[in-house]
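In case you want the letters, here they are:
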Amino acid sequence: GGLAMINSTPQLGNCTVQDNSAGTKGGGVYVGIGGNPALTRCVVSFAAAGGGIYGEATAVGATVSCCDVFGNAGGNYAGSISDRTGIDDNISADPVFCDAGVAPPDLAISSLSPCAPALSPCAQLIGALGVGCVRGADLAIALVEFSDAHPAFGDSVRATVKIRNVGELPAI
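Engineer: Any details on the state of the cysteines? Residues and values, ideally.
Structural biologist: A full pass over the atoms with the stated rule returns three disulfides. Through a disulfide, Cys 15 is tied to Cys 42; the S-S separation comes to 2.4 Å. Sign of the S-S torsion, about 115° for the bond between Cys 15 and Cys 42, identifies this disulfide as right-handed. Here the residue Cys 15 occupies a position in the loop between strand S2 (11-13) and strand S3 (16-18), and Cys 42 occupies one in the loop between strand S5 (38-40) and strand S6 (43-45), the gap between them amounting to 27 residues. Between the sulfur of Cys 98 and that of Cys 133 lies a disulfide, 2.2 Å long from S to S. Every disulfide takes its handedness from the sign of the S-S torsion; for Cys 98 and Cys 133 that torsion is -105°, giving left-handed. A residue pair is termed long-range when its members are at least 10 positions apart, and Cys 98 in strand S11 (residues 97-99) and Cys 133 in strand S13 (residues 131-135) qualify at 35 residues. Cys 133 carries the same exposure label as Cys 98, and that label is buried.

Engineer: Any chance you could break down the sheet that holds strand S9 (residues 68-70) for me, citing the residues and the numbers?
Structural biologist: Across the sheet, three strands lie side by side as S3-S6-S9; this open sheet has parallel pairing. Both outer strands of the open sheet, S3 and S9, are each paired with one neighbouring strand and no more. With direction set aside, neighbouring strand axes in the sheet form an average angle of 0°. Where S6 meets S9, three bridges bridge the pair, whose relative direction is parallel. Across the sheet, residue Val 44 finds its bridge partner in S9, namely Val 69.

Engineer: Residue-level account of the packing of aromatic side chains, with values.
Structural biologist: For the coordinates displayed, the defined rule picks out two aromatic pairs. Aromatic pair Tyr 30 and Tyr 54: ring centres 6.3 Å apart, planes at 10°, arrangement stacked. Here Tyr 30, found in strand S4 (residues 29-31), pairs with Tyr 54, found in strand S7 (residues 53-55); they are 24 residues apart in sequence, far enough to count as distant. Given a relative accessible area of 13%, Tyr 54 falls into the buried group. Between the aromatic rings of Phe 46 and Phe 70, the centroid separation amounts to 5.6 Å while the plane-to-plane angle is 85°, which identifies the pairing as edge-to-face. A residue pair is termed long-range when its members are at least 10 positions apart, and Phe 46 in the loop between S6 and S7 and Phe 70 in strand S9 qualify at 24 residues. Look at Phe 70 and you get partly exposed, because its relative accessible area is 22%.

The rules we used
- Residues numbered from 1 in each chain as written.
- Predicted model: local features only at pLDDT ≥ 70, side-chain atom pairs only at ≥ 80, totals over all residues.
- Heavy atoms only, no water.
- Disulfide = S-S within 2.5 Å.
- Helix = DSSP H or I, 4+ residues; strand = E, 2+ residues; numbered from the N terminus.
- Buried < 20%, exposed > 50% of the residue type's maximum accessible area, 1.4 Å probe, protein only.
- Pairing = 2+ DSSP bridges.
- Axes fitted to C-alpha atoms, helices over the stretch in contact; angles between N-to-C directions.
- Phe/Tyr/Trp six-rings, centres within 6.5 Å; stacked < 30°, edge-to-face > 60°.

If you want it as structure tokens, here you go:
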């Protein structure tokens, strides 16, 4: 898994735990015997196995606030950690990473992400990395380069825009 807390009380803020796996327990975060973490403004997403946040019966608990726990195989919350979606500003929504599918993954978020400060339920950044791209449902604009770094008002400039289609729209 991504993180394991056993006989500890770590306080984690603005972290991103993404695309991990751990058998059947805690693909993103595992809270074992005596574990009592506090997660604030964290993203726990897309665990391939084991769920997002899992707590053993012997865990003390977990405080989860203003976090996005989403898309985890095996469920977002499991074991002794009950679903916190809708409680304490927690959400379960696609974090809309700029490009998690490349190596190394770009885990900055889109300006349209529910984790961006302007859109998050706590009005603060959720996750480790801030806004790094403009991305809508079917379009990602990741880099704009201008031929002149300081054009004067009214000047013509040439821009190179790299656009990547990240999905499909249904035919109408």
